[in-house]
There are 2 protein chains.
Amino acid sequence: MAFGTLLGHLPVRERDFIKWICSQGAFDAAKVPLGPGDDCAMLACGAERLLVTTDQVLDGVHFVLARHGAKSAGRKAMARNLSDVAAMAGLPMGAVATVALPEGFSRDDCEAIYLGLRSVGDQFDCPVVGGDVACWAGPLAISVTVFAQPVGAGPVLRSGAQAGDAICVTGQLGGAWASGRDMTFIPRVNEARALAAHNCLHAMIDLSDGLATDLRHVCEASGVGAEIDATAIPIHPGLTDKPQRPAITAALSDGEDYELLFTLPTDQADRLLASQPLDVKITKIGTVNDSKHVTVMGLDGQRQPLESSGWEHATGQP
Amino acid sequence: MAFGTLLGHLPVRERDFIKWICSQGAFDAAKVPLGPGDDCAMLACGAERLLVTTDQVLDGVHFVLARHGAKSAGRKAMARNLSDVAAMAGLPMGAVATVALPEGFSRDDCEAIYLGLRSVGDQFDCPVVGGDVACWAGPLAISVTVFAQPVGAGPVLRSGAQAGDAICVTGQLGGAWASGRDMTFIPRVNEARALAAHNCLHAMIDLSDGLATDLRHVCEASGVGAEIDATAIPIHPGLTDKPQRPAITAALSDGEDYELLFTLPTDQADRLLASQPLDVKITKIGTVNDSKHVTVMGLDGQRQPLESSGWEHATGQP
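Just so you know, these numbers come straight off a predicted model, no measurement behind them.

A. Fine view of the relation of the copies chain A and chain B. Mapping chain A onto chain B is achieved by rotating through 180° and translating by 0.0 Å along the same axis, at an RMSD of 0.0 Å. Look at the turn and shift together and you get a two-fold axis relating the two. Closest to the rotation axis within chain A is the C-alpha of Gly138(A), separated from it by 2.8 Å. Taken together, the interface assignments show that 98% of the residues at the interface of chain A recur at the interface of chain B, consistent with an identical surface on both copies.

Here's what the structure looks like:
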């Protein structure tokens, strides 16, 4: 979520659109403690707090039906939402889905989509409690909404990063589309909850748009800057340097890694990095500062702005 | 909601698909007190109860973009969901939306959809707290999820109708598509809550699929039969008898009325009908029985099965 992840030829920039939405009237903070702009929104549900997030997968944008099949499309629709819940360290409660079915779809296709949703929902105790299916002349579109509960001290927001924090990521980055990992990733729900339970996380986001863009989201939401170290980025071993695009660029900008990026006090980060309590490796990639700029220290020791399109400068590429 | 309202050429019957879903594993009743099959699902949110519903509107199925425009499409997406909340006598809390934008859409179009959602959401204190927007090569698709709280004695289900209950509807039925009321209706959220607060409603549904079909849903869910009186149906005054299709058929089968159908004990219905406490008229159209059949008493005094396609027999049509 975040209203919204705009792909393809964008008629509107996400950040500008959220600003415009927020200009259309304030939310009642008692009813909506957290409005648009983070990975989930938060609502008051009586005395409880409710996290909600929604995301869609569209044929030709987020999957290719002819290549991936209906079940994988359903799986990805659920997994993307669970990754947004993970980004808030939430506990999934349940999901609903709408499906726009192309003409010629069969009962088997409907069942495959449902089983795809279930295949990853069941792993995180997130049942599909309802939905809507309609046939149309368009391509396959699946929209999922997931409800979750904040746990412990409450959700971990994008906006809590503080100067001096260590910036860490889980896993290895880059090449998700080329390798197909964007269809098969396991959302970091359990890892996020374990991290939040044992550490004072200041900020967290899931890496859907690419490290460079998502780190910028955290910095903008928190009103801070950051510097990352190019030599520290955990580049996925499946990536290789290409003449037009070094592996580090792919790791910074490919997106759809669905790993976690989080910030926390340096002393806590040191202990976390030494103990490595998760099944997936945690890597420190940089430090939050109060500069308002997001920069990368290159292999050549030169500091450069970190562009959303990644980082083309390390090997002298334009 | 209900998983799902299948339109067009259906690859799967709604009831069969829900049965299949329920065969795929039971829900944990402590976490999901109400699963697929009603207008909303209900989840446990800590000590509170949460109603959720989701519905989509698709260009060419639920609206025609070139005729209705983007704002009306957004409005309908929200209003359909609020009507599902009304059917449970719920109190809306908030909504999220996903939008699949056709190529060539502008920032103005995005804003129009948002303002359409807001135009009816604001009427019922249902803010849009988040969403996702993506561009694709397909037509416009808008999916909305609304969260609500059950009020008073809890949600009014489809499954509570009892033999002897009076069957009542709000408003006037039929011709919604032809007149454009399907794009402009005001969901009966306030009426439903007023009815539930002052009466012991046994069952309720919103009339989206057409009276004949929706009454069947209530009877199937409740394990009862019903008989309605053709002379009592509040036919919309905009409808006229046509040679191939009498007005009563339209009123029974057109759908998208988004009025309420509810059942309650006869003595309470009598008081309600005499006092008419709502701004919209309440009409008694029939009685629940224990026959397991849904029938209509025609103008000619003949009892006929009530078909989902309406009722073609009153004027001797096949």
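B. Inspection of the sheet that holds strand β10 (residues 282-289) of chain B at higher detail. Residues and elements named next belong to chain B. With respect to topology, 7 strands assemble into an open sheet ordered β7-β9-β6-β10-β8-β11-β12, the strand pairing being mixed. With partners counted over all chains shown, the strands left at the sheet margins are β7 (203-206) and β12 (303-305), one partner each. Averaged over all pairs of adjacent strands, the angle between strand axes in this sheet comes to 25°, irrespective of strand direction. Bridge analysis of strand β11 (residues 294-297) against β12 gives 3 bridges, and the strand direction is antiparallel. Across the sheet, Val296 pairs through a bridge with Gln304, a residue of β12. Each of β7, β8 (225-229), β9 (260-264) and β11 is contacted by helix α7 (residues 211-222), which is oriented at about 145° to β7, the strand it contacts most.

C. Spotlight on the sheet that holds strand β3 (residues 91-102) of chain B. All names here are of chain B. Here 5 strands make up an open sheet; going across it, the order is β1-β2-β5-β3-β4 and the pairing mixed. Each edge of the sheet is formed by a strand with only one pairing partner; in this case those strands are β1 (41-45) and β4 (128-136). Strand-to-strand twist in this sheet, taken as the mean axis angle between neighbours without regard to direction, amounts to 20°. Pairing analysis gives 8 bridges linking strand β2 (residues 48-58) to strand β5 (residues 141-149), with the strands arranged antiparallel. By the bridge assignment for β5, Leu58 is matched with Ala141. Lying over the sheet, helix α2 (residues 65-87) contacts β2, β3 and β5, oriented at roughly 145° with respect to β2. Sheet strands in contact with helix α3 (residues 107-121) are β3, β4 and β5, and its direction is about 150° off that of β4.

D. Representation of the pairing of β1(B) in the model. Residue and element names in this part refer to chain B. For β1, the tally of buried residues reaches 4 of 5 residues, placing the bulk of the element in the interior. The pairing of β1 with β2 spans 5 bridges and is classified as antiparallel. If you follow Ala44 over to β2, its bridge partner there is Arg49. Counted along the chain from β1 to the antiparallel partner β2, the turn is 2 residues long, and its residue Gly46 has a positive phi close to 60°.

Here is what the cut-offs are and how they apply
Residues numbered from 1 in each chain as written. Chains lettered and ligands numbered in written order. Predicted model: local features only at pLDDT ≥ 70, side-chain atom pairs only at ≥ 80, totals over all residues. Least-squares fit on C-alpha atoms with pLDDT ≥ 70 in both. Contact = placed C-beta atoms within 7 Å. Pairing = 2+ DSSP bridges. Helix = DSSP H or I, 4+ residues; strand = E, 2+ residues; numbered from the N terminus. Axes fitted to C-alpha atoms, helices over the stretch in contact; angles between N-to-C directions. Buried ≥ 20, exposed ≤ 12 C-beta atoms within 10 Å, placed from the backbone.

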